[in-house]
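Chains, contacts and geometry: an overview
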Amino acid sequence: MAIHEILLPFRKYHIPETEKIKEDIRDFVLKINEQILQGKYRLEEHKCLCGSEDFDLVASIDRYGFIDPISVCRNCGLVSINPGYSEIFYKDLHSAEEYYKVFHNSQNAREYALANFTPIAGQNIFNAVKPYIELNENTQILEIQSGAGWHLLPFKQAGAQVSGIETDEELAQWGNKTGINIINSDIEKFDPKNKYNLLILANVLNKVNHPVNYILKAIKLLSDNGLTYIEVPLFHPDKPRFCLNSQYYFTPDSFKYFFAEANLIPLEVKVRHDKIIGIFKKGIYQNSPFLMQRNKKNTYKAITKLKRKNYLLFSKKIKSRDDVLVFRIFEQNI
Ligand SMILES: [Zn+2]
């Protein structure tokens, strides 16, 4: 799909007066959008995780105003960015000076790390996992894309051996300074001597190009009886909050369905606020096409309802004249 097709809906819709996007964020949004429109980053169509190449475009921008083609798969109803951005785009986005300001409401990696180190960080993960696992000095836990390791604190306090891997060098350094073993590595290069009893992937699988391939790599690090905790943002049927930083939006049905493809058996899957959390063990899971069909039906129902309210087109309501500036750039370049 060409860029002008993604942005075409803007020609048809009136942009209502709405709430203000902060000025520093707006400038960053304009800069990134301009780079996309000038062809610095190519958007490429990809197959859905189900293998289908049939999509319906449901939104063209995310809640900040970034160009963000959100599509729904006509076969299974999975919502993702499609056409999507390359890994190089995300690498550049994550290393941009403004990244922490826009996506984490912090000035930089240091401030973000410090804000997250609270006594309650990781407590929800700990509570969810605890009924399924014995925690003692022999329990090896690894969090993948752990940030500075704040989720690992309650596990460390319970006596387990905790480690994290993190691609952001600064976050890894901050973790180590606070006494948590964080290795600055990605999953491809990470080659530990031991296997782990618990893997934690919180807000990770929604950000990668192919979550099933990624988790297949990750569970090679897991012991035979080990558990995997997965947390991803929920596709909320009434109020989806699309964000350029997240490539996939799951429902409990699509969550169970696609992680079964990675040989994970769900022990528990539940919705907590705007997230889906799941605890899985390794094994062959009898997948059901019924989950996919139900997912498709429910997602299309939600999208039709939201489109009627114009909500999905903008992913957030646009109010001020400043916001209109974000969109003027689209018109100039089409
Ligand atoms: Zn699909």
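Residues numbered from 1 in each chain as written. Predicted model: local features only at pLDDT ≥ 70, side-chain atom pairs only at ≥ 80, totals over all residues.

1. Quick word on the overall build of the protein chain
The helix and strand inventory of the protein chain stands at 14 helices and 11 strands. The buried share among the 334 residues of the protein chain stands at 40%. Across the protein chain, the fraction of contacts at a sequence separation of at least 24, relative to all contacts at a separation of at least 6, is 67%. (Helix = DSSP H or I, 4+ residues; strand = E, 2+ residues; numbered from the N terminus. Buried ≥ 20, exposed ≤ 12 C-beta atoms within 10 Å, placed from the backbone. Contact = placed C-beta atoms within 7 Å.)

2. A look at the environment of Asp56
Note that Asp56 resides in strand S1 (residues 55-61). The spatial distance from the C-alpha of Asp56 to the C-alpha of Tyr300 is 9.9 Å, given a sequence separation of 244 residues. Among residues more than four places away in sequence, those in contact with Asp56 are Ser71, Val72 and Arg74.

3. As for the sheet that holds strand S10 (residues 264-272)
In spatial order, the strands read S6-S5-S4-S7-S8-S11-S10; together these seven strands make up an open sheet with mixed pairing. Each edge of the open sheet is held by one strand with a lone partner, namely strand S6 (181-184) and S10. Pairwise comparison of adjacent strand axes, ignoring direction, gives a mean angle of 20 degrees for this sheet. In this fold helix H9 (residues 169-177) packs onto strand S5 (161-166) and S6, with an angle of close to 160 degrees to the strand it touches most, S6. (Pairing = 2+ DSSP bridges. Axes fitted to C-alpha atoms, helices over the stretch in contact; angles between N-to-C directions.)

4. Brief notes about helix H6 (residues 109-116)
Along H6, the residues that are buried comprise Ala109, Tyr112 and Ala113. For H6, the angular spread of the buried residues around the axis is 95 degrees, confining them to a single face. Buried residues along H6 sit against helix H5 (99-104) and H9. (Arc of directions from axis to C-beta.)

5. Notes on the nonpolar core
Residues Ile141, Leu199, Leu201, Tyr229 and Phe259 are the most contacted members of the largest nonpolar core, which totals 82 residues. The dominant element in this core, judged by the number of residues it contributes, is strand S7 (residues 196-202), at six residues. Setting aside its immediate chain neighbours within four residues, Ile141 contacts Leu152, Phe155, Ala160, Gln161, Val162, Tyr196, Asn197, Leu198 and Ile200. (Core = buried A, V, L, I, M, F, W, Y, C linked by C-beta atoms within 7 Å.)

6. Section: the environment of Asn138
The residue Asn138 is located in the loop between helix H7 (123-129) and strand S4 (140-144) in this model. Sequence separation between Asn138 and Ala160 is 22 residues; the distance between their C-alpha atoms is 6.6 Å.

7. Brief notes about the sheet that holds S1
If you trace the four strands from one edge of the open sheet to the other, you get S1-S2-S3-S9, paired in antiparallel fashion. The two strands at the open ends of the sheet, each matched to only one other strand, are S1 and strand S9 (248-249). Here strand S3 (residues 79-81) pairs with S9 via two bridges, running antiparallel. Bridged to Ser80 within S9 is Tyr248.

8. Topic: the packing of H6 against H9
In contact at an axis separation of 9 Å, H6 and H9 are set at 45 degrees when each is read in the N-to-C sense. Considering their axes alone, H6 and H9 lie oblique with respect to each other. The interaxial crossing formed by H6 with H9 has right-handed handedness. In contact with Ala109, Arg110 and Ala113 of H6, H9 contributes Glu170, Leu171 and Trp174. By residue class, the composition of the contact of H6 with H9 is four nonpolar, no polar and two charged. (Parallel < 35°, antiparallel > 145°, perpendicular 65-115°, else oblique. Left-handed = near helix turned anticlockwise from the far one by under 90°. Nonpolar A, V, L, I, M, F, W, Y, C, P; charged D, E, K, R; others polar.)

9. Overview of the environment of Phe259
Along the chain, Phe259 falls in helix H11 (residues 252-260). Since 26 C-beta atoms lie within 10 Å of it, Phe259 is described here as buried. Apart from the residues lying within four places of it in its own chain, the contact partners of Phe259 are Ile215, Ile230, Leu264, Gly278 and Phe280.

10. Regarding the pairing of S10
The sheet contact formed by S10 and strand S11 (residues 275-282) spans eight bridges and is antiparallel. Bridge assignment links Pro266 to a residue of S11, and that residue is Phe280. Between S10 and S11, which pair antiparallel and follow one another directly, the connecting turn spans two residues, one of which, His273, has a positive phi of 55 degrees.

11. Some words on the confidence of the model for the protein chain
Mean pLDDT for the protein chain: 86, with 85% of residues reaching 70 or above. Within the model, the stretch residues 11-20 combines pLDDT values under 50 with 21 contacts to residues more than four positions away or in other chains. Low confidence marks residues 315-334, where pLDDT is under 50. Its contacts with residues over four positions away, or in another chain, come to 44 contacts. (pLDDT = per-residue confidence, 0-100.)

12. Section: the pairing of S1
Within S1, five of the seven residues are buried, which leaves the element mostly enclosed by the surrounding structure. In the sheet, S1 pairs with strand S2 (residues 67-73) via five bridges, with the strands oriented antiparallel. Pairing of Ala59 across the sheet is with Ile70, part of S2. The turn linking S1 back onto S2 is made up of five residues, and Gly65 within it adopts a positive phi angle of 110 degrees.

13. Regarding unusual backbone geometry
The omega torsion of the bond from Asn82 to Pro83 falls at 0 degrees, within 30 degrees of zero and hence cis. Examined against the element boundaries, Pro83 turns out to sit in the loop between S3 and helix H4 (87-95). We note that Asn203 has phi near 60 degrees; this positive angle belongs to a residue other than glycine. Here Asn203 lies in the loop between S7 and helix H10 (211-218). Among the residues examined, Asn203 registers 15 C-beta atoms within 10 Å and is labelled partly exposed. Positioned with a positive phi, His273 is a non-glycine residue whose angle comes to about 55 degrees.

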